[in-house]
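Read off the chains here:
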Amino acid sequence: MNVILWILCVERLLDATLLTFSPADIADDFVFLLNTGTKQESQNLTNKALQTFKTLTGNHKLEISLDKTNYLHINKNISGIKWGRNNIKRASVKNCLRVLIDDKLNFAAHLSAIKNESLILHQGLKNVAGTSWGLSRNIRRQLYLMVVEKVILHATAAWAHNITARQQKLLSSIQRKFLLNITGAYCTTPTAALQVIKGLMPLYIKAKMQSTLVRVGRLGRNCDYEGIYFDHESYEQPSPPSTIHPALFSLEDRISHGEQDPSNRTAIEVYTRGSKINDQTGSAFCAIANRTVNKPGRPSSAQSILCSKQKC
(Lines give C-alpha, C1' and ligand atoms only; values in the text may rest on other atoms or scores of the structure.)
Protein backbone atom coordinates (compact mmCIF):
# COMPACT_ATOMS: atom_id res chain seq x y z
CA MET A 1 0.00 0.00 0.00
CA ASN A 2 2.82 2.43 0.77
CA VAL A 3 4.14 2.13 -2.81
CA ILE A 4 0.73 3.04 -4.25
CA LEU A 5 0.43 5.89 -1.79
CA TRP A 6 3.83 7.19 -2.77
CA ILE A 7 3.14 7.09 -6.49
CA LEU A 8 -0.29 8.68 -6.26
CA CYS A 9 0.31 11.34 -3.63
CA VAL A 10 3.91 12.16 -2.82
CA GLU A 11 4.99 13.03 -6.35
CA ARG A 12 2.11 15.48 -6.55
CA LEU A 13 3.06 16.91 -3.18
CA LEU A 14 6.57 17.57 -4.48
CA ASP A 15 5.12 19.31 -7.52
CA ALA A 16 2.85 21.48 -5.38
CA THR A 17 3.66 24.98 -4.20
CA LEU A 18 4.37 23.84 -0.62
CA LEU A 19 8.14 23.86 -0.96
CA THR A 20 8.84 24.65 2.70
CA PHE A 21 8.03 21.20 4.04
CA SER A 22 9.51 17.81 3.22
CA PRO A 23 7.37 14.66 3.02
CA ALA A 24 9.16 11.36 3.65
CA ASP A 25 7.92 7.80 3.18
CA ILE A 26 9.01 5.36 5.91
CA ALA A 27 7.60 1.83 5.51
CA ASP A 28 3.81 2.33 5.90
CA ASP A 29 4.13 5.75 7.55
CA PHE A 30 4.42 9.31 6.32
CA VAL A 31 6.47 11.94 8.12
CA PHE A 32 6.22 15.67 7.43
CA LEU A 33 9.23 17.74 8.51
CA LEU A 34 8.56 21.44 8.94
CA ASN A 35 10.97 24.19 9.93
CA THR A 36 9.44 27.56 10.73
CA GLY A 37 10.29 30.59 12.79
CA THR A 38 7.16 31.21 14.84
CA LYS A 39 4.40 29.15 16.41
CA GLN A 40 1.76 30.67 14.14
CA GLU A 41 3.78 29.80 11.03
CA SER A 42 4.17 26.23 12.29
CA GLN A 43 0.44 25.87 12.83
CA ASN A 44 -0.54 27.39 9.49
CA LEU A 45 2.01 25.46 7.42
CA THR A 46 1.24 22.16 9.15
CA ASN A 47 -2.50 22.49 8.57
CA LYS A 48 -1.90 23.53 4.97
CA ALA A 49 0.36 20.54 4.29
CA LEU A 50 -2.05 18.09 5.94
CA GLN A 51 -5.02 19.53 4.05
CA THR A 52 -3.19 19.09 0.75
CA PHE A 53 -2.26 15.54 1.69
CA LYS A 54 -5.85 14.81 2.79
CA THR A 55 -7.20 16.08 -0.53
CA LEU A 56 -4.82 13.93 -2.58
CA THR A 57 -5.53 10.78 -0.57
CA GLY A 58 -9.27 11.44 -0.69
CA ASN A 59 -9.21 11.79 -4.47
CA HIS A 60 -7.78 8.26 -4.70
CA LYS A 61 -10.07 6.86 -1.97
CA LEU A 62 -7.20 6.13 0.39
CA GLU A 63 -7.86 6.28 4.13
CA ILE A 64 -5.45 7.59 6.77
CA SER A 65 -5.81 6.27 10.32
CA LEU A 66 -6.48 9.21 12.64
CA ASP A 67 -5.75 7.06 15.73
CA LYS A 68 -2.18 6.50 14.52
CA THR A 69 -1.64 10.11 13.47
CA ASN A 70 0.10 12.52 15.84
CA TYR A 71 2.52 15.40 15.81
CA LEU A 72 5.67 16.33 17.69
CA HIS A 73 6.87 19.86 18.43
CA ILE A 74 10.52 20.51 19.17
CA ASN A 75 11.16 23.53 21.37
CA LYS A 76 7.67 24.84 20.63
CA ASN A 77 4.31 24.45 22.34
CA ILE A 78 1.54 24.92 19.79
CA SER A 79 -1.87 23.40 19.32
CA GLY A 80 -4.66 23.45 16.79
CA ILE A 81 -3.25 20.87 14.36
CA LYS A 82 -6.18 19.28 12.54
CA TRP A 83 -6.94 16.50 10.09
CA GLY A 84 -10.05 17.86 8.47
CA ARG A 85 -12.27 18.83 11.41
CA ASN A 86 -10.61 16.49 13.90
CA ASN A 87 -7.78 17.50 16.20
CA ILE A 88 -4.57 15.48 15.96
CA LYS A 89 -3.05 14.20 19.17
CA ARG A 90 0.28 15.58 20.32
CA ALA A 91 3.09 13.15 21.14
CA SER A 92 6.15 13.75 23.29
CA VAL A 93 8.12 10.90 21.66
CA LYS A 94 8.17 9.62 18.07
CA ASN A 95 9.61 6.30 16.94
CA CYS A 96 11.40 6.81 13.63
CA LEU A 97 13.30 3.78 12.31
CA ARG A 98 13.90 2.44 15.85
CA VAL A 99 15.13 5.81 17.10
CA LEU A 100 12.99 7.50 19.74
CA ILE A 101 12.94 11.26 19.13
CA ASP A 102 11.62 13.36 22.01
CA ASP A 103 10.44 16.97 21.98
CA LYS A 104 13.60 18.14 23.78
CA LEU A 105 16.04 16.31 21.50
CA ASN A 106 18.04 14.93 24.45
CA PHE A 107 17.24 11.30 23.46
CA ALA A 108 16.56 10.35 27.06
CA ALA A 109 13.62 8.18 25.97
CA HIS A 110 15.81 6.42 23.39
CA LEU A 111 18.53 5.58 25.91
CA SER A 112 15.91 4.36 28.36
CA ALA A 113 14.55 2.03 25.66
CA ILE A 114 18.10 0.85 24.94
CA LYS A 115 18.55 -0.01 28.61
CA ASN A 116 15.34 -2.07 28.68
CA GLU A 117 16.29 -3.87 25.47
CA SER A 118 19.76 -4.62 26.82
CA LEU A 119 18.23 -6.28 29.89
CA ILE A 120 16.37 -8.68 27.60
CA LEU A 121 19.56 -9.45 25.68
CA HIS A 122 21.48 -9.95 28.91
CA GLN A 123 18.87 -12.36 30.24
CA GLY A 124 19.06 -14.32 26.99
CA LEU A 125 22.83 -14.53 27.32
CA LYS A 126 22.55 -15.74 30.91
CA ASN A 127 20.21 -18.53 29.79
CA VAL A 128 22.91 -20.03 27.56
CA ALA A 129 26.06 -19.07 29.47
CA GLY A 130 26.57 -18.95 33.22
CA THR A 131 29.63 -18.12 35.28
CA SER A 132 31.14 -21.58 35.03
CA TRP A 133 29.05 -23.36 32.39
CA GLY A 134 27.66 -22.91 28.90
CA LEU A 135 29.28 -21.14 25.99
CA SER A 136 32.98 -20.39 26.08
CA ARG A 137 34.09 -16.88 26.91
CA ASN A 138 35.38 -16.26 23.40
CA ILE A 139 31.96 -17.08 21.94
CA ARG A 140 30.30 -14.82 24.51
CA ARG A 141 32.62 -12.02 23.49
CA GLN A 142 31.74 -12.52 19.83
CA LEU A 143 28.02 -12.51 20.63
CA TYR A 144 28.48 -9.26 22.50
CA LEU A 145 30.38 -7.63 19.63
CA MET A 146 28.19 -8.91 16.80
CA VAL A 147 24.75 -8.67 18.44
CA VAL A 148 24.61 -6.61 21.62
CA GLU A 149 26.79 -3.71 20.48
CA LYS A 150 25.01 -3.53 17.13
CA VAL A 151 21.66 -3.18 18.89
CA ILE A 152 22.84 -0.64 21.46
CA LEU A 153 24.79 1.53 19.01
CA HIS A 154 22.05 1.66 16.39
CA ALA A 155 21.85 5.10 14.71
CA THR A 156 24.57 6.67 16.86
CA ALA A 157 24.91 9.52 14.36
CA ALA A 158 21.51 10.76 15.54
CA TRP A 159 21.92 10.59 19.32
CA ALA A 160 25.59 10.14 20.29
CA HIS A 161 27.17 13.30 18.88
CA ASN A 162 26.59 15.48 21.97
CA ILE A 163 26.41 12.72 24.56
CA THR A 164 26.30 13.93 28.17
CA ALA A 165 28.20 12.64 31.22
CA ARG A 166 24.99 11.10 32.58
CA GLN A 167 24.42 9.23 29.32
CA GLN A 168 28.01 8.00 29.39
CA LYS A 169 27.43 6.50 32.84
CA LEU A 170 24.25 4.85 31.60
CA LEU A 171 26.08 3.22 28.69
CA SER A 172 28.84 2.05 31.04
CA SER A 173 26.28 0.44 33.37
CA ILE A 174 24.68 -1.32 30.40
CA GLN A 175 28.03 -2.65 29.22
CA ARG A 176 29.11 -3.76 32.70
CA LYS A 177 26.46 -6.51 32.92
CA PHE A 178 27.77 -8.14 29.77
CA LEU A 179 31.40 -7.76 30.82
CA LEU A 180 30.74 -9.62 34.07
CA ASN A 181 29.09 -12.45 32.16
CA ILE A 182 31.89 -12.65 29.59
CA THR A 183 34.79 -12.57 32.05
CA GLY A 184 33.20 -14.46 34.95
CA ALA A 185 34.82 -11.96 37.33
CA TYR A 186 33.56 -10.87 40.73
CA CYS A 187 30.85 -8.22 40.75
CA THR A 188 33.18 -5.87 42.67
CA THR A 189 35.67 -5.74 39.77
CA PRO A 190 35.91 -2.22 38.28
CA THR A 191 34.38 -1.74 34.86
CA ALA A 192 37.62 -0.36 33.41
CA ALA A 193 39.48 -3.50 34.50
CA LEU A 194 36.87 -5.71 32.82
CA GLN A 195 37.23 -3.72 29.60
CA VAL A 196 41.00 -4.14 29.64
CA ILE A 197 40.80 -7.88 30.37
CA LYS A 198 38.63 -8.61 27.32
CA GLY A 199 40.01 -5.81 25.13
CA LEU A 200 36.65 -4.10 24.69
CA MET A 201 36.24 -0.38 24.10
CA PRO A 202 33.91 1.62 26.39
CA LEU A 203 30.51 1.99 24.78
CA TYR A 204 30.33 5.77 24.95
CA ILE A 205 33.71 6.11 23.21
CA LYS A 206 32.67 3.72 20.46
CA ALA A 207 29.37 5.57 20.09
CA LYS A 208 31.19 8.88 19.64
CA MET A 209 33.58 7.35 17.11
CA GLN A 210 30.79 5.87 15.01
CA SER A 211 28.84 9.12 15.17
CA THR A 212 31.84 11.11 13.97
CA LEU A 213 32.56 8.60 11.18
CA VAL A 214 29.00 8.74 9.82
CA ARG A 215 28.70 12.49 10.09
CA VAL A 216 32.00 13.18 8.33
CA GLY A 217 32.01 10.30 5.83
CA ARG A 218 28.34 10.07 4.87
CA LEU A 219 26.55 13.25 5.92
CA GLY A 220 29.33 15.62 4.90
CA ARG A 221 29.46 17.52 8.20
CA ASN A 222 32.46 18.85 10.08
CA CYS A 223 32.98 17.37 13.56
CA ASP A 224 35.16 17.76 16.64
CA TYR A 225 36.22 14.63 18.49
CA GLU A 226 38.45 14.75 21.57
CA GLY A 227 39.91 18.09 20.48
CA ILE A 228 40.57 16.92 16.90
CA TYR A 229 38.80 18.78 14.09
CA PHE A 230 37.58 16.70 11.15
CA ASP A 231 36.81 18.56 7.92
CA HIS A 232 34.59 16.49 5.63
CA GLU A 233 36.21 18.06 2.54
CA SER A 234 39.50 16.41 3.48
CA TYR A 235 38.02 12.94 2.98
CA GLU A 236 36.68 11.10 -0.02
CA GLN A 237 32.91 11.33 -0.22
CA PRO A 238 30.68 8.49 -1.46
CA SER A 239 29.31 8.71 -4.97
CA PRO A 240 25.95 10.51 -5.14
CA PRO A 241 22.93 8.29 -5.74
CA SER A 242 21.41 8.08 -9.18
CA THR A 243 18.79 10.74 -9.85
CA ILE A 244 17.32 8.86 -12.81
CA HIS A 245 13.97 7.19 -12.20
CA PRO A 246 14.22 3.42 -12.89
CA ALA A 247 11.38 3.66 -15.41
CA LEU A 248 13.32 6.28 -17.41
CA PHE A 249 16.68 4.54 -17.29
CA SER A 250 17.82 3.37 -20.72
CA LEU A 251 20.79 1.02 -20.62
CA GLU A 252 21.31 1.08 -24.37
CA ASP A 253 21.88 4.85 -24.35
CA ARG A 254 24.74 4.46 -21.87
CA ILE A 255 26.57 1.37 -23.16
CA SER A 256 27.96 1.04 -26.66
CA HIS A 257 27.67 -2.45 -28.10
CA GLY A 258 29.67 -1.60 -31.21
CA GLU A 259 33.40 -1.33 -31.68
CA GLN A 260 35.36 1.89 -32.12
CA ASP A 261 35.94 3.09 -35.61
CA PRO A 262 39.46 2.46 -36.89
CA SER A 263 39.96 6.21 -37.27
CA ASN A 264 39.21 6.72 -33.57
CA ARG A 265 41.55 4.03 -32.34
CA THR A 266 44.87 4.99 -30.85
CA ALA A 267 48.09 3.22 -31.72
CA ILE A 268 48.30 1.54 -28.32
CA GLU A 269 45.47 0.89 -25.87
CA VAL A 270 46.36 0.21 -22.24
CA TYR A 271 43.99 -1.50 -19.78
CA THR A 272 44.69 -1.68 -16.06
CA ARG A 273 43.28 -3.65 -13.14
CA GLY A 274 44.03 -3.43 -9.41
CA SER A 275 42.96 -4.98 -6.14
CA LYS A 276 43.79 -4.89 -2.44
CA ILE A 277 43.75 -8.01 -0.25
CA ASN A 278 45.12 -8.41 3.27
CA ASP A 279 46.77 -4.97 3.30
CA GLN A 280 48.64 -5.79 0.08
CA THR A 281 48.02 -3.92 -3.15
CA GLY A 282 48.36 -5.58 -6.53
CA SER A 283 47.80 -4.35 -10.06
CA ALA A 284 48.30 -5.45 -13.65
CA PHE A 285 48.21 -3.88 -17.09
CA CYS A 286 47.77 -5.01 -20.66
CA ALA A 287 48.91 -3.09 -23.75
CA ILE A 288 47.07 -3.80 -27.02
CA ALA A 289 48.35 -2.66 -30.41
CA ASN A 290 46.36 -3.38 -33.57
CA ARG A 291 43.99 -5.70 -31.68
CA THR A 292 46.93 -7.84 -30.57
CA VAL A 293 48.05 -8.24 -26.97
CA ASN A 294 51.45 -6.65 -26.97
CA LYS A 295 52.65 -6.54 -23.40
CA PRO A 296 50.73 -8.11 -20.51
CA GLY A 297 52.39 -7.92 -17.14
CA ARG A 298 52.40 -6.46 -13.68
CA PRO A 299 54.43 -3.58 -12.27
CA SER A 300 56.68 -3.81 -9.25
CA SER A 301 55.33 -3.62 -5.71
CA ALA A 302 56.35 0.05 -5.37
CA GLN A 303 54.60 0.89 -8.63
CA SER A 304 51.53 -1.06 -7.52
CA ILE A 305 51.19 0.96 -4.34
CA LEU A 306 51.65 4.20 -6.25
CA CYS A 307 49.09 3.12 -8.82
CA SER A 308 46.59 2.28 -6.07
CA LYS A 309 47.02 5.66 -4.38
CA GLN A 310 46.58 7.47 -7.67
CA LYS A 311 43.50 5.35 -8.56
CA CYS A 312 44.90 4.12 -11.85
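All of the points below concern the structure found in this document. No experiment lies behind these values; they were computed from the predicted model shown. (Residues numbered from 1 in each chain as written. Predicted model: local features only at pLDDT ≥ 70, side-chain atom pairs only at ≥ 80, totals over all residues. Heavy atoms only, no water.)

**Looking at the overall build of the chain**
From N to C terminus, the chain includes nine helices and 13 strands. Counting over 312 residues, the chain shows a buried share of 27%. Sequence-distant contacts, at least 24 apart, represent 44% of the contacts inside the chain between residues at least 6 apart. Carbon and sulfur atoms make up 54% of the accessible area of the chain, which amounts to about 21,500 Å² in all. (Helix = DSSP H or I, 4+ residues; strand = E, 2+ residues; numbered from the N terminus. Buried < 20%, exposed > 50% of the residue type's maximum accessible area, 1.4 Å probe, protein only. Contact = heavy atoms within 4.5 Å. Areas by Shrake-Rupley, 256 points an atom, 1.4 Å probe, with all protein chains shown as cover.)

**Let's talk about the packing of helix 4 (residues 137-152) against helix 6 (residues 165-183)**
Between helix 4 and helix 6, the shortest axis-to-axis distance is 9 Å and the interhelical angle comes to 160°. In terms of axis orientation, helix 4 runs roughly antiparallel to helix 6. The hand of the helix 4/helix 6 crossing is right-handed. Two secondary-structure elements touch here, helix 4 through R137, R140, R141, Y144, V148 and I152 and helix 6 through L171, I174, Q175, F178, N181, I182 and T183. (Axes fitted to C-alpha atoms, helices over the stretch in contact; angles between N-to-C directions. Parallel < 35°, antiparallel > 145°, perpendicular 65-115°, else oblique. Left-handed = near helix turned anticlockwise from the far one by under 90°.)

**Section: unusual backbone geometry**
Positive phi, close to 65°, is recorded for R98, a residue that is not glycine. Here R98 lies in the loop between strand 7 (93-96) and strand 8 (99-102). In this structure, A155 takes a positive phi of about 60° despite not being glycine. Structurally, the position occupied by A155 is in the loop between helix 4 and helix 5 (156-159). Owing to a relative accessible area of 29%, A155 belongs among the partly exposed residues under this scheme.

Don't take any of this as a statement about function, it's just geometry.
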